[in-house]
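# Results of the structural survey
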Amino acid sequence: MLKLPSFAKINWSLRILGKRPDGYHEVATILQSISLCDEIVFELRDDDRVSLSCDDPTIPVDESNLVVRAARALSHRHGADIRLFKKIPAKAGLGGGSSNAAVTLLALNRLWRLGLNETDLKQIGARLGADVPFFFSGGTSLGTGIGAQLEELRDVRKQWLLVVTPNASVSTANAYAALNAPSLTSSDSLSILSSSFAEPFFVDSSQWPLHNDFEGVIFEREPEIRRAKETLLEAGARDALLAGSGSSVFGIFTDAAARDHALDNLSSEVGWRVFACHTLSRSEYSQAINRQSDTGA
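Described in the following lines is the structure provided in the data block. (Residues numbered from 1 in each chain as written. Predicted model: local features only at pLDDT ≥ 70, side-chain atom pairs only at ≥ 80, totals over all residues. Heavy atoms only, no water.)

The helix and strand inventory of the protein stands at nine helices and eleven strands. Looking at the protein as a whole, 52% of its 297 residues qualify as buried. Contacts in the protein between residues at least 24 apart in sequence constitute 76% of all its contacts with a sequence separation of at least 6. Total accessible area on the protein is roughly 13,300 Å²; 47% of this is exposed by carbon and sulfur atoms. (Helix = DSSP H or I, 4+ residues; strand = E, 2+ residues; numbered from the N terminus. Buried < 20%, exposed > 50% of the residue type's maximum accessible area, 1.4 Å probe, protein only. Contact = heavy atoms within 4.5 Å. Areas by Shrake-Rupley, 256 points an atom, 1.4 Å probe, with all protein chains shown as cover.)

What follows concerns the pairing of strand S5 (residues 140–144). The buried count for S5 comes to five of five residues, which makes it a mostly enclosed element. Alternating positions in S5 separate into two faces, Thr140, Leu142 and Thr144 on one and Ser141 and Gly143 on the other, with burial throughout. Two elements, S5 and strand S6 (residues 149–152), share four bridges in a ladder whose sense is antiparallel. The partner of serine 141 across the bridge, within S6, is glutamate 152. Hairpin connection of S5 to S6: four residues between the antiparallel strands, including glycine 145 at a positive phi of 70°. (Pairing = 2+ DSSP bridges.)

Another aspect to go through is the nonpolar core. The biggest cluster of nonpolar side chains holds 39 residues, and the ones touching the most others in it are Phe42, Leu74, Ile82, Leu105, Leu108, Leu128 and Phe136. Those elements giving two or more residues to this core turn out to be strand S1 (2–19), strand S2 (25–44), strand S3 (50–54), helix H1 (66–74), strand S4 (80–85), helix H2 (96–111), helix H3 (118–128) and helix H9 (282–289). If you tally residues by element for this core, the top one is H2, at eight residues. Counting residues in hydrophobic clusters, the runner-up holds 26 residues, among them Leu14, Ile225, Ala228 and Trp272. (Core = buried A, V, L, I, M, F, W, Y, C linked by side-chain atoms within 4.5 Å.)

So, about the side chain of lysine 9. With respect to the helices and strands, lysine 9 occurs in strand S1. Within the structure, the side chain of lysine 9 is placed 2.6 Å from the side chain of asparagine 11, a separation counted as a polar contact. Look past the residues within four positions of lysine 9 in its chain and what remains in contact with it is Leu31, Gln32, Ser33, Ile34, Gly93, Leu94, Gly95, Asp131, Phe134, Phe135 and Gly244. (Polar contact = N/O pair within 3.5 Å; in protein donor to acceptor, adjacent residues only side chain to side chain.)

On to the environment of glutamate 224, then. Note that glutamate 224 resides in helix H7 (residues 223–234). A relative accessible area of 25% places glutamate 224 in the partly exposed class. Taking C-alpha positions, glutamate 224 is 10.0 Å from tryptophan 272, a pair spaced 48 residues apart along the chain. Apart from residues no more than four positions distant in its own chain, glutamate 224 is found in contact with Pro166, Asn167, Ala168 and Trp272. A polar atom in the side chain of glutamate 224 sits 3.1 Å from the side chain of arginine 227.

In this section: the sheet that holds strand S9 (residues 239–242). Overall, antiparallel pairing links the four strands, which are arranged S9-S10-S7-S11 in an open sheet. Each edge of the open sheet is held by one strand with a lone partner, namely S9 and strand S11 (273–278). The average undirected angle you get between the axes of adjacent strands in this sheet is 20°. Across four bridges, S9 lies against strand S10 (residues 249–253) in antiparallel orientation. By the bridge assignment for S10, aspartate 239 is matched with isoleucine 252. Sitting on the sheet, H7 is in contact with strand S7 (160–165), S9 and S10, with an inclination near 10° to S10. (Axes fitted to C-alpha atoms, helices over the stretch in contact; angles between N-to-C directions.)

Next up on the list: the packing of aromatic side chains. Overall, the coordinates contain three aromatic pairs when judged by the stated rule. Taken together, a centroid distance of 5.5 Å and an interplanar angle of 50° make the contact between phenylalanine 7 and tyrosine 285 tilted. Separated by 278 residues along the polypeptide, phenylalanine 7 in strand S1 and tyrosine 285 in helix H9 bring together distant segments of the chain. Seen in terms of ring centroids, tryptophan 12 and phenylalanine 250 are 5.9 Å apart; in terms of plane orientation they differ by 80°. Their pairing is edge-to-face. Residue tryptophan 12 is located in strand S1, and its partner phenylalanine 250 is located in strand S10; the two are separated by 238 residues in the primary sequence. For the residue pair tryptophan 12 and phenylalanine 250, the accessibility class agrees, reading buried in each case. (Phe/Tyr/Trp six-rings, centres within 6.5 Å; stacked < 30°, edge-to-face > 60°.)

Taken residue by residue, a regular strand's side chains alternate between the two faces of the sheet. Here S3 shows a clear split, with Val50, Leu52 and Cys54 buried on one side and none of Ser51 and Ser53 buried on the other. In terms of strand pairing, S3 meets S4 through five bridges, oriented parallel. Each residue of the ladder has a partner; that of serine 51, found in S4, is aspartate 81. Taken together, S3, H1 and S4 constitute a β-α-β crossover, and its handedness is left-handed. (Right-handed = clockwise from strand over helix to strand, strands pointing away.)

See below:
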């Protein structure tokens, strides 16, 4: 048996640079792993069945779940019982499904003794979703292309966060469809990219201009998400931003005490899920996901 955490992510910056000929969007994003996590337990089977169960009844456990798809992308000759304990909200811009897929690839590569290296696993992961490759290393990374081309950046100093998932729903496909800035229909993405990379991506995180191109359209469609950001700022966050394409918002606090005080203030919000967490360095992330627990294989 193997039990591993599956961590969430936020985006310090998310810029949509243009529509690609293949129909995807060119992005430039700074990804950050955070301590909010699911837990996944893997056990070997004697047959080739892959069985997934989840403590959240709203999460599908069939082939539509990236965990099952990741297992089948590795092998059709091995089986496993997989139990997913969800804490990361689904469809919230926190990368929960992509994280689950990456951890599944790592865990089953070990349990099934397939001998694949990280490059092999990242290539398989990229076919499952653009965010999946990031979750093999965590920390802070620049993602380009459709988000799967990664460049590791220097770890940020630990940041104390509140992640708020209000009672609102956002479809990633609809979020992209709603972006109608003129630059996003340009085929000249190379010139857009070159001008974007001239901007200061690589300065200290406390000086990064937090930015998310989705905020305008998402806040217009779902005012409750805008209110979540405003509430975080009113509660003492020094800054706040939409997570990915939503529906979550995260706030950054000066220390754990300020964050926990804000957590108390937000406890009265009906229908909101609020998580106290912090950023994870690359080494912290690696130690956590490479730690084997209760292994019997």
